[in-house]
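Here is what each chain is made of, one letter per residue.
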Amino acid sequence: MRVTRRVAVGLPFAIAGSYFAVGTAAAQTATPETIKIGIVIPMTGVQAAVGREISDATKLYVTQHGDTVAGKKIELIVKDDQSVPDTAKRLAQELIVNDKVSFLGAGLTPSAMSMAPLATEAKVPTVVMVSGTSIVTERSPYYVRTSFTLGQQSGIIADWATKNGSKKAVMVLSDWAPGAEAGKVFAQNFTKGGGQILDTLKVPLANPDFSPFLQRARDLQPDTLFVFVPAGQAGTFARQFAERGLDKSGIKLVGPGDIVDDDDLPSTGDALIGVVTAGIYSAAHPSQLNKDYVAAYQKATGHRANFISVGGYDGMNLIYEALKKTGGNTDADTVVGAMKGMKWESPRGTISIDPRTRDIVQNVYIRRVQKVDGAPWAIEFETFPAVKDPLKEAAN
Ligand code: PHB
């Protein structure tokens, strides 16, 4: 579906009128009667899938949990930054000054980075719902993350690979901050485990053509290919991977969860069967809570829930539970204080907010893509519980 800003932002609120209150003058007081949450995400452009997933998941949360918390009305406002950092900054400014939001939701790494000084200056608690780069939460004392870091997953898959016979790897990385971080942590652990990195190939972020990079990687004759592509690109990657015959080459494909994104996985046929990843979420996670989440998400959106969606869904839970704790007080220091150390059951498993770093602590699962009832799913077979961001832990 082509998603325009008008359709994506205006219409759902009009349709779901009973769920989303209209802002009132009272919203301008310290503890407003209507609490506004302004989420800045790409609803159009090359990374629009990410925006759709966050928008859908946050709305699903409000639909399921109601639009009133601690006696206050909740109003969600979604703004399309087209994944342009300057646009994200301008929109965040407008949300703070004009809409008087009590919370911000931050999306992709470059946008989250550009919004951070505003959140700090205006003292707006901000939930980082997408970004997977370690440094982002250090950019503002009011940033709290419900997504993931690439390091959380990349070190664990490197250890798994060397323990399972990998000796020579080529890294294929999307050329931006999360890709650099995935590569850095993978390489650290892979070499520590006795492996060797033959080469690092960087693929442009926008509209990537993976074919020449895959050909180059194959020519280097590695036993293992470590790949990071961001949400929205796994389908294209899988097709070009199979077209090059790499799925039958005997080279082991591994990565963080992004390469087997559940949003794309159903359309990848046999291309990714057998691929092993370390990820924070699989739609196949066998808890009852997750089965209910996947069913509700599918019904509401027509899509399989993915690892991006849980960042939005859990981000809303963090805001709701913090407001319950503060009795509806939206003062930034009080709210962030309430968020620190919070722990709850998510569709992905138990998660918590590290009180020291405001970063997410979560299980990382090793999963293998297998067909179940004719469709590919990432099936978990090993769990690393309560994993922190390794780059922050190393710096501590
Ligand atoms: C990010 O913005 O850091 C990001 C986005 C999508 C991903 C991974 C990281 O799949």
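Scope of this entry: the structure provided in the associated data block. No experiment lies behind these values; they were computed from the predicted model shown.

### Thoughts on helix α2 (residues 48–65)
Line of reasoning, step 1. Over its 18 residues, α2 extends 26 Å from the first C-alpha to the last, a length consistent with the 26 Å expected when each residue adds 1.5 Å.
Line of reasoning, step 2. Of all 18 residues in α2, 13 are buried; the element is thus mostly enclosed.
Line of reasoning, step 3. After α2 finishes, the residue G66 shows a positive phi value of roughly 85°.

### Some remarks on the nonpolar core
Line of reasoning, step 1. One finds F186, Y281, Y293 and M339 to be the most contacted residues of the largest nonpolar core, which totals 74 residues.
Line of reasoning, step 2. Ranked by the residues each element gives to this core, the list is headed by helix α10 (residues 307–326), at 10 residues.
Line of reasoning, step 3. The contact partners of F186, leaving out residues within four places of it in the chain, are S154, I157, A158, A169, M171, I197, F226 and V254.

### Focus: the pairing of strand β11 (residues 276–279)
Line of reasoning, step 1. Side chains V276 and A278 project from β11 onto one buried face, and the interleaved T277 and G279 project onto a second face that is buried too.
Line of reasoning, step 2. With 3 bridges connecting them, strand β10 (residues 252–256) and β11 associate as parallel partners. Looking at β11, one finds that P256 is bridged to A278.
Line of reasoning, step 3. As paired strands, β11 and strand β14 (residues 360–372) are joined by 4 bridges and run antiparallel to one another. Each bridged residue has a counterpart across the sheet, and for G279 the counterpart in β14 is Y365.

### Things to note about the packing of aromatic side chains
Line of reasoning, step 1. One pass over the full model with this rule turns up 10 aromatic pairs.
Line of reasoning, step 2. Taking the centre distance of 5.1 Å and the plane angle of 20° together, the rings of F186 and F190 count as stacked. Of this pair, F186 and F190 both sit in helix α6 (residues 177–192), separated by 4 residues, roughly a single helical turn.
Line of reasoning, step 3. An aromatic cluster is present here, built from Y61, Y293, Y297, Y313 and Y320 joined pairwise through their rings.
Line of reasoning, step 4. Here the basic side chain of R304 rests over the ring of W377, its NZ or CZ set 3.4 Å away from the ring centre.
Line of reasoning, step 5. Above the face of the F381 ring, R368 is positioned so that its terminal group lies 4.7 Å from the ring centre.

### Remarks on the site of the ligand
Line of reasoning, step 1. In the vicinity of the ligand, 15 residues are found, and the nearest of them are L108, T109, G132, A231 and D258.
Line of reasoning, step 2. One of the side-chain nitrogen or oxygen atoms of T109 is found 2.5 Å away from an oxygen atom of the ligand.
Line of reasoning, step 3. The contact in question runs from an oxygen atom of the ligand to an N or O atom on the backbone of A231, over 2.9 Å.
Line of reasoning, step 4. Relative to its free-state accessible area of 280 Å², the ligand is covered by the protein chains to the extent of 100%.
Line of reasoning, step 5. Along the lines of polarity and charge, the residues of the shell around the ligand split into 10 nonpolar, 4 polar and 1 charged.

### Overview of the pairing of strand β12 (residues 343–346)
Moving residue by residue along a regular strand, the side chains alternate between the two faces of the sheet.
Line of reasoning, step 1. Along β12, the buried face is formed by W344 and S346; none of K343 and E345, which line the opposite face, is buried.
Line of reasoning, step 2. With 4 bridges connecting them, β12 and strand β13 (residues 349–353) associate as antiparallel partners. For S346, the partnering residue across the bridge sits in β13 and is G349.
Line of reasoning, step 3. Taking the residues between adjacent antiparallel strands as the criterion, β12 and β13 are bridged by 2 residues.

### Overview of the environment of Q233
Line of reasoning, step 1. With respect to the helices, strands and loops of the structure, Q233 is situated in the loop between β9 (224–228) and α8 (234–243).
Line of reasoning, step 2. A sequence separation of 28 residues divides Q233 from L205, and the C-alpha atoms of the two residues are 9.4 Å apart.
Line of reasoning, step 3. Not counting the four nearest positions on each side in its chain, Q233 is found in contact with L205, P208, F210 and D264.
Line of reasoning, step 4. Engagement of the side chain of Q233 in a polar contact is seen with the backbone oxygen of L205, the distance being 2.7 Å.

Rules used throughout
- Residues numbered from 1 in each chain as written.
- Predicted model: local features only at pLDDT ≥ 70, side-chain atom pairs only at ≥ 80, totals over all residues.
- Heavy atoms only, no water.
- Helix = DSSP H or I, 4+ residues; strand = E, 2+ residues; numbered from the N terminus.
- Expected span 1.5 Å × (residues − 1).
- Buried < 20%, exposed > 50% of the residue type's maximum accessible area, 1.4 Å probe, protein only.
- Core = buried A, V, L, I, M, F, W, Y, C linked by side-chain atoms within 4.5 Å.
- Contact = heavy atoms within 4.5 Å.
- Pairing = 2+ DSSP bridges.
- Phe/Tyr/Trp six-rings, centres within 6.5 Å; stacked < 30°, edge-to-face > 60°.
- Lys NZ or Arg CZ within 6 Å of the ring centre and 35° of its normal.
- Near = heavy atom within 4 Å.
- Polar contact = N/O pair within 3.5 Å; in protein donor to acceptor, adjacent residues only side chain to side chain.
- Areas by Shrake-Rupley, 256 points an atom, 1.4 Å probe, with all protein chains shown as cover.
- Nonpolar A, V, L, I, M, F, W, Y, C, P; charged D, E, K, R; others polar.

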